[in-house]
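# Descriptive structure summary
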Amino acid sequence: MAPRLRGCLVGAVVAGGLFLLGLALLLPRGPQREGPEPAASASVTPRSPSPPSAAEVVGERRLDERRLELTIRSPALGNETTEVRLLLPRGWESRREWPVLWLLHGGLDDHTSWTARTDVDALTRDTGVMVVMPDGGKCGSYSDWWNGGDGGPPRWETYHLRELLPLLEARYRAGPDRAVAGYSMGGQGAMLYAAKGLFKAAASFSGAVNITAPGVPQAVMAGTTVGCFGTDWKRIWGDPEAQRAVWRAHNPYDLAEKLKGVELYVAAGEGDLVEDLANRAARSFAARLDDLGVPVRTHFYRGGHNHTYWQRELHRAYPMLVAAIGAR
């Protein structure tokens, strides 16, 4: 069987974090790390969303000591099923609530990517934190899709924040102290979700944190068309001119003021076409935060758009993320 193909299309940085790049689709993925699966800022108090979750757990598999895989039927996703992977802290059953770190994946990847392609299991093993890795769709953009102005599924933001989040608190010992991080598409998602007031800290690694920058709307068309063949790219946020307000509502750059009080980390490299564009977006986003007086830690480096660097950046951001939620 051919190796899995890298989920990026070189030459098209996908706005909204959909870095679905063409040349990279021709390259094999790196080796998988896991084997076959068996049959803080004190001023920020994250608030729990309402109404309560209507999502239904229809499957639950304990893969090993720490990995718990849930299959969930989501009204926000049109009653389709989706999956989320949890890394449970040691002694998970001994406490009612645990600090939570959400990790969001990039375009064309899924909820298994963080554990398959980084050392997040080892990194978090001795920290009292629950790690939540939800599926966000191949081209989901961590957004409720515009769908020609009609709304409706897929509503990824609604699923994650108003269905999955309260479900984890009600049934799986997740506490109210939360941090979020993501790479590529997930980097934009991390900042979008942090702007909702639900997370004490957020980190973006090579994320599309300024989606209205010149050339980026065209990349939405290219990335969605190639990465999710048959999907009309305008379903996500509409036309970038006619629906400018919708685009701005999903642009971390335009939401920067809502990140006041959140501990922030933004990183991007330079070294390939995609990462160079991510770097420009990250620098403009960081400059916007600076103009608003919002503190942010940044790291700009030489490197490409791949998990080697995203793992490294998670290590760099990790002390800040766990400190913000009181984990140790």
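The present account deals with the structure reproduced in this document. What you see is a predicted model, and the numbers here were worked out from it, not measured in a lab. Here, residues in each chain are numbered from 1, in the same order as that chain's written sequence. For a predicted model such as this one, the threshold for reporting local features is a pLDDT of at least 70, and the threshold for listing and counting side-chain atom pairs is 80 or more; totals across whole chains, interfaces and linings nevertheless cover every residue. With hydrogens and water excluded, all non-hydrogen atoms of the structure serve as input to the side-chain values.

## Brief notes about the packing of aromatic side chains
- Only Phe, Tyr and Trp rings are paired, with Trp represented by its six-membered ring, and only when their centres lie within 6.5 Å; those with planes under 30 degrees apart are stacked, over 60 edge-to-face, the remainder tilted. Counted by the stated rule, this structure contains 8 aromatic pairs.
- Relative to Trp 247, the ring of Trp 237 lies with its centre 5.1 Å away and its plane at 65 degrees, an arrangement referred to as edge-to-face. Of this pair, Trp 237 sits in helix H6 (residues 234-237) while Trp 247 is found in helix H7 (residues 244-249), placing the two residues 10 residues apart along the sequence. This pair shows no difference in class: Trp 237 is buried, exactly as Trp 247 is.
- With 5.7 Å between their ring centres and 20 degrees between their planes, Tyr 301 and Tyr 309 make a pair best called stacked.
- Accessible area is worked out with a 1.4 Å probe on protein chains only. A residue is then buried under 20% of its type maximum, exposed over 50%, and partly exposed in between. On the basis of relative accessibility, which here comes to 22%, the residue Tyr 309 falls in the partly exposed class.
- Among the aromatic residues, those joined into a cluster by ring pairs are Trp 114, Tyr 183 and Trp 310.
- Here, a charge over a ring means that NZ of Lys or CZ of Arg falls within 6 Å of the ring centre while also lying within 35 degrees of the ring normal. If you follow Arg 288 out to its NZ or CZ, it ends over the ring of Tyr 253, 5.9 Å from the centre. Secondary structure elements follow DSSP: runs of H or I of four or more residues count as helices, runs of E of two or more count as strands, with numbering from the N terminus.

## Quick notes on helix H9 (residues 307-324)
- In this scheme, a helix's expected span is set at 1.5 Å multiplied by one less than its residue total. The end-to-end C-alpha distance of H9 is 24 Å, a good match for the 26 Å that 18 residues give at a rise of 1.5 Å each.
- Two axes are fitted around each residue, one to the seven residues ending there and one to the seven starting there, and the angle between them is reported as the bend at that residue. A maximum bend of about 45 degrees is found in H9 at Ala 317, where proline Pro 319 lies one to four positions downstream.
- Among all positions of H9, only His 307, Trp 310, Gln 311, Glu 313, Leu 314, Ala 317, Tyr 318, Met 320, Leu 321, Val 322 and Ala 324 are buried.
- Taking the backbone nitrogen of Thr 308 as reference, a side-chain oxygen 3.0 Å away marks Asn 306 as the first, capping residue of H9. Throughout this description, a polar contact denotes any pair of N or O atoms lying within 3.5 Å of each other; where both atoms belong to protein, one of them has to be capable of donating a hydrogen while the other can accept it, and for residues adjacent in sequence the pair is counted only when both atoms sit in side chains.

## Brief notes about the sheet that holds strand E1 (residues 56-62)
- Strand order across the open sheet formed by 9 strands is E1-E2-E3-E5-E4-E6-E7-E8-E9, with mixed pairing between neighbours. Where the open sheet ends on each side, the last strands, each with one partner, are E1 and strand E9 (297-302). With direction set aside, neighbouring strand axes in the sheet form an average angle of 20 degrees.
- When DSSP finds two or more bridges between a pair of strands, those strands are recorded as paired. Taken together, the 6 bridges between strand E4 (residues 98-104) and strand E6 (residues 174-183) define a ladder with parallel strand orientation. Its bridge partner lying in E6, Leu 101 is registered against Ala 179.
- The strands touched by helix H4 (residues 185-194) within the sheet are E4, E6, strand E7 (201-205) and strand E8 (263-270), with E6 carrying the most contacts at an inclination of about 145 degrees. Only C-alpha atoms enter the line fits that serve as axes; for helices the fit covers just the stretch in contact. Angles between N-to-C directions range over 0 to 180 degrees. For this analysis, residues touch if any pair of their heavy atoms sits within 4.5 Å.

## A word on the state of the cysteines
- When the sulfur atoms of two cysteines come within 2.5 Å, that pair is taken as a disulfide. Enumeration according to the criterion identifies 1 disulfide in this entry.
- With a sulfur-sulfur separation of 1.9 Å, Cys 139 is cross-linked through a disulfide to Cys 228. Since a negative S-S torsion denotes a left-handed disulfide, the Cys 139-Cys 228 link at about 100 degrees is right-handed. On the criterion of sequence distance, the pair formed by Cys 139 in the loop between strand E5 (130-134) and helix H3 (156-171) and Cys 228 in the loop between helix H5 (216-227) and H6 is long-range, its members being 89 residues apart. Taken as a pair, Cys 139 and Cys 228 share a single burial class, namely buried.

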